[in-house]
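Next come the chains, spelled out residue by residue.
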Amino acid sequence: MDLEGALAFSRYAQRALAADAALRPWLEECLEAPFDWARDDAAIASATAGSDADGLGAALRRCRRRVMLHTLARDLTGRAPLAEVCGAVTRLAESAIVAATDFHHRALASDTGEPIGAESGAPQRLCVVGMGKLGGGELNVSSDVDLVFLYPEEGETAGPKRISNREFFERLGRRVIAALHEVTAHGFVFRVDMRLRPYGDSGPLAVPFGALEQYLLTQGRAWERYAWLKARALTGGDGEALAAVVEPFVFRKYLDYDAYAGLRGVHRQIRAEGARRDYARNVKLGEGGIREIEFVVQAIQIVRGGREGALRLRGTLPALAAIQARALLPGPVCERLRDAYGWLRGVEHRLQYRDDQQTQELPGDDAERAELARACGHAELGAFDAQMAATRAEVVEHFTVVLGEAPDETAGTPLAAAWEDPDLPASAATLAAAGYAAPADVVARLRATRSGSRYLQLPALSRERFDALVPRLLDAAARAAADGRDPGATFNRLMDLLEAVNRRSAYLALLIEHPPLLPRLANLMGASAWAAAYLTRHPILLDELLDARLLFAEPDWDAWRRELDEQLAAAGDDPERQMDALRHFQHAQLFRLLVQDLAGHLTVERLADHVSALADVVIAAALRQCWAHMRGRDAPAPRFAVAGYGKLGGKELGYASDLDLVFLYDVDEDEPDADAMPERYARLAQRLVTWLTSTTGAGQLYDTDLRLRPDGAAGLLVSSLRAFRRYQHEKAWTWEHQALTRARFVAGDAAIGAAFEAERDAILRIARDPAKLAGDVLEMRRRMSEGHPNPTSSFDLKHDEGGMVDIEFAVQYLVLAHAHEHPGLTRNAGNIALVTMAGDLGLVPAKLADEVADAYRAYRRQQHAVRLTGAGSARVDPGPHEARRASVRALWRHLFGGARASAA
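In this text the structure is predicted, and so the values were computed from the model without any measurement. (Residues numbered from 1 in each chain as written. Predicted model: local features only at pLDDT ≥ 70, side-chain atom pairs only at ≥ 80, totals over all residues. Heavy atoms only, no water.)

Enquirer: How do you make sense of the pattern of salt bridges when you look at a structure like this?
Expert: As a working rule, side chains carrying opposite charge can pair if their charged atoms are close by. Following the criterion strictly, the structure yields 60 salt bridges and no others. Here D496 and R445 are joined by a salt bridge, their closest N and O atoms 2.8 Å apart. Remark: R445 occurs in helix α20 (residues 439-451) and D496 occurs in helix α23 (residues 487-501); sequence separation between them is 51 residues. On the accessibility criterion, D496 (38% relative accessible area) is partly exposed. The partner of R445 in a salt bridge is E499, with the nearest N and O atoms 3.4 Å apart. Here E499 lies in helix α23 and R445 lies in helix α20, a separation of 54 residues in the sequence. Judged by its relative accessible area of 22%, E499 is partly exposed. Each of the salt bridges in this network shares a partner with another, and the network as a whole consists of R11, R15, R354, D355 and E368. (Salt bridge = Lys/Arg side-chain N within 4 Å of Asp/Glu carboxyl O. Helix = DSSP H or I, 4+ residues; strand = E, 2+ residues; numbered from the N terminus. Buried < 20%, exposed > 50% of the residue type's maximum accessible area, 1.4 Å probe, protein only.)

Enquirer: What am I meant to see in unusual backbone geometry here?
Expert: Note: most peptide bonds trans; most residues except glycine with negative phi. Backbone geometry at Y199 places phi at a positive 70 degrees, although glycine is not the residue there. The partly exposed category is assigned to Y199, whose relative accessible area is 45%. The phi dihedral of D356 falls on the positive side, at around 55 degrees, and the residue is not glycine. Position of D356 among the secondary structure elements: in the loop between α15 (331-355) and α16 (366-375).

Enquirer: Explain the packing of helix α30 (residues 604-631) against helix α32 (residues 677-693) to me, please; I cannot follow it from the model alone.
Expert: Each packed pair of helices is defined by two parameters, the angle between the axes and the distance between the axes. Running from N to C, α30 and α32 cross one another at 125 degrees; their axes reach a closest spacing of 9 Å. Comparing the axis directions of α30 and α32 gives the class oblique. Pair α30 / α32 crosses with right-handed handedness. Along its contact with α30, which presents V618, I619, A622, L623, Q625, C626, W627, H629, M630 and R631, the element α32 presents R680, Y681, R683, L684, R687, L688, W691 and L692. Of the residues in the contact of α30 with α32, the class split is twelve nonpolar, two polar and four charged. (Axes fitted to C-alpha atoms, helices over the stretch in contact; angles between N-to-C directions. Parallel < 35°, antiparallel > 145°, perpendicular 65-115°, else oblique. Left-handed = near helix turned anticlockwise from the far one by under 90°. Contact = heavy atoms within 4.5 Å. Nonpolar A, V, L, I, M, F, W, Y, C, P; charged D, E, K, R; others polar.)

Enquirer: For this particular structure, what's the right way to read the nonpolar core?
Expert: Grouped burial of nonpolar side chains is what soluble globular proteins tend to show. In this structure, W228, L521 and F663 are the most contacted members of the largest nonpolar core, which totals 169 residues. Looking at this core element by element, the count peaks at 15 residues for α30. Residues in contact with F663, not counting those within four places in the same chain, are F640, A641, V642, A685, L688, V689, L706, L717, V718 and S719. Residues I44, A88, A93 and F169 belong to the second largest nonpolar core, which totals 65 residues. (Core = buried A, V, L, I, M, F, W, Y, C linked by side-chain atoms within 4.5 Å.)

Enquirer: What am I meant to see in the packing of aromatic side chains here?
Expert: Here a ring pair, both rings aromatic, is described through the centre-centre distance and the interplanar angle of the planes. All chains considered together, the criterion is met by 21 aromatic pairs. Consider the rings of W26 and F35, whose centres lie 6.3 Å apart with planes at 75 degrees: the pair is edge-to-face. Across the pair, exposure class does not vary: W26 and F35 are buried alike. Every member of this aromatic cluster is reached through a ring pair, and the members are W627, F640, F663, Y665 and Y681. A cation over a ring is seen here: R91 above W37, with NZ or CZ 4.3 Å from the ring centre. (Phe/Tyr/Trp six-rings, centres within 6.5 Å; stacked < 30°, edge-to-face > 60°. Lys NZ or Arg CZ within 6 Å of the ring centre and 35° of its normal.)

Enquirer: Would you take a moment to explain the packing of helix α6 (residues 82-112) against helix α8 (residues 165-181) for this structure?
Expert: Axis separation between α6 and α8 bottoms out at 9 Å; the angle between their running directions is 135 degrees. Judged by the angle between their axes, α6 and α8 are oblique. Taken as a pair, α6 and α8 cross one another with a handedness that is right-handed. In this structure, α6 contributes A96, I97, A100, T101, H104, H105, A107, L108, A109 and T112 to the contact, and α8 contributes F168, R171, L172, R175, V176, A179 and L180. Looking at the contact of α6 with α8, its residues break down into eleven nonpolar, four polar and two charged.

Enquirer: Help me understand helix α2 (residues 11-19), please; the structure alone is not making it clear to me.
Expert: Side chains that are three or four residues apart share a direction in an α-helix, a result of its 3.6 residues per turn. Taken as a whole, α2 has its buried residues at Y12, A13, A16 and L17. Summarising the axial view, the buried residues of α2 lie within an arc of 130 degrees, below the 170-degree limit, and thus occupy one face. Among the exposed residues of α2, those oriented more than 90 degrees off its buried face are A18 and A19. The inward-facing, buried residues of α2 contact α1 (3-9), α3 (23-30), α5 (53-76) and α15. (Arc of directions from axis to C-beta.)

Enquirer: Explain the environment of A570 here, please?
Expert: Along the chain, the position of A570 falls in helix α28 (residues 557-570). Among the residues examined, A570 registers a relative accessible area of 36% and is labelled partly exposed. Remark: the alpha-carbon pair of A570 and A581, spanning eleven residues in sequence, is separated by 9.0 Å. Not counting the four nearest positions on each side in its chain, A570 is found in contact with G309 and R577.

Here it is, written out as structure tokens:
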């Protein structure tokens, strides 16, 4: 559409040009560029500084006319994207509100004096809060503005005509409304809607921050969370104070799936109103309209914004982009919603360009709708109607997926009856028919739950959800039998989880809102008692089960680092929030690995690589945060490093392994505060251990073991590089050099890490007396064996003769005995690779080396499988392992002669 067509379409534009002939040549001159604010900013600033209220009103209204003409002309001719259109109108509103507030505050204070806070003694300013599309920076072209008036605190003015602060700001508020809202010879600036303030039309026009906080805490309703989501302070400089009051109301600290029910309630009210008023032709409030897209976006923001600060965005499109970036909705869905939103907003604007009316109603008259179609780029009305129908249908589809209520397929079924009255004669038969081998045990569990105090004391809504979930869990556990799960054990674990979270309604809502989650959950809980216990301890991880794409995505260590950095940045400088962020992140990634493990997607070796890498990422991030809290974010990085030993060092970490850590530092003696650095680094190490081991509301990260440091538990917590070298060469026992075979740099200063690796390599390559070395290794093995007696007839995969520890000690002996001749043995490659290398080098028979490597691999797999059952130790039937144990014994005979591992 060209300019002539645009002006012909807009009857408002025709009236405006007729009223001021100078506007046409101005419009033609500036059409190719976005609106230039310089002239109008100067005119408004001049009027604001003066004393003529009418002059300010005229300047604001002239500016509006120019903005409207310029915006509609650029939009209708295809020159302005949606962001420019909304941005120009929002900018107009911001400028007008600031100017009106400043002007009338000064005028009112000249009579009454400045309002002064009773507690602070400081001058007070009106905080005008933009709500809705104004707050989101996305006003439509003939929009009203939703405002709330706040002020910092009660008090009174300091002038000769003293009035209370409340009276001052209510008077000021009325003047600001009039300055914007009143229709004069120059028109109006914006219609003003004040109904979103506390208590609506019946509440005071202006309230102090404290009153707002109390209102939101005690009276705030579900729909007001959505209203305040976009709230933005436009005047008064009180943005931080506003956020401190509003954010805890809008965003919960947890994943708030209760919010879905609240939003549905708001939507039902709109639908009911729509039925009365016939919203079928309303592109905003009707089915598949703009509001439903906003609901989808806002629902995800409110559910997750408490945990993910990056979602706390006011604009619909920026928030949708953040949702897509975090894969909270599929990318194609986000793109279709974005396109639908843009197209519907374009239609809305063209409806309003016609007569400068605040309307979203499609015309019923075909001729009028044909004009609208042409303004939207459709030569034929039929094509426009088809696009409108298709767009709205797609919005309805996506809205239903996110916010629709799924039917309860177990309601009214025999399983529901079994829960409602477990003592019915038919209950046991129903459970048996569903596949439960011990229905009497399930009936007993149901009966105990129904009569238990935890269930009986549940709030009404939570009990309603609990009642709806139990039959679904019975059904899900029964269906999991198809994957080889025991329905009875699965159901008991599911009930343990349900009873653990039954007082936290958001988790019950999560399970209700997402029916596809239950089969996934039942399979997981049935597959592993350890996994079930882990999830019951950390129910926030239920959210991870929602998206199978993310759940089974290949772990990406660099992406982990970036994600953790983002989450820590969102926590600000609050150490408690940062510690919780570390825990939430580690638990989530560990849980994803657990799910992939149970699904058979990871070998034990690859899993250990990932779990060890995850610990590296967490330790490095925790170290950076600890140092920042001690020395400030801009302080130079510490010359401090963390070395990992044991399973962490050997990259064989399991889900519940502790961390064997050693802390090292280096100091230049000519540094100004060199003498203070050892104590400073000791405090850093203490703080790091606290961050890793403390139990917070989000749980724990790791247990740590620091006894492998020089001089063990009696030694200093941190060692200088020089002291570490001296200790290893002069005082270390053979077992400490054995430990070095599975040590590596983990986090901190890379130069110190490289020095540690070089020192480790040098120590391992020292030529040793083979006989003395063998004696030392055998003595240490004997002591370890005495510390782990096995009174059973089962085979302890780790500690018994012919088990994992025997292989580990044999490998350590091979490294220490031969690395001086074969430096490749110092590589921290893991026991399987090292024993294979020893075979290749001829240090042990190659066939025997392969057998022992296979034995270690099999032991690790079975140990891992046993631990997933929740068993405290990996003791198994010895029969299947006799050949493997024989190979390990043969290796010991080859290395140590007649000495037996069990007697070592």
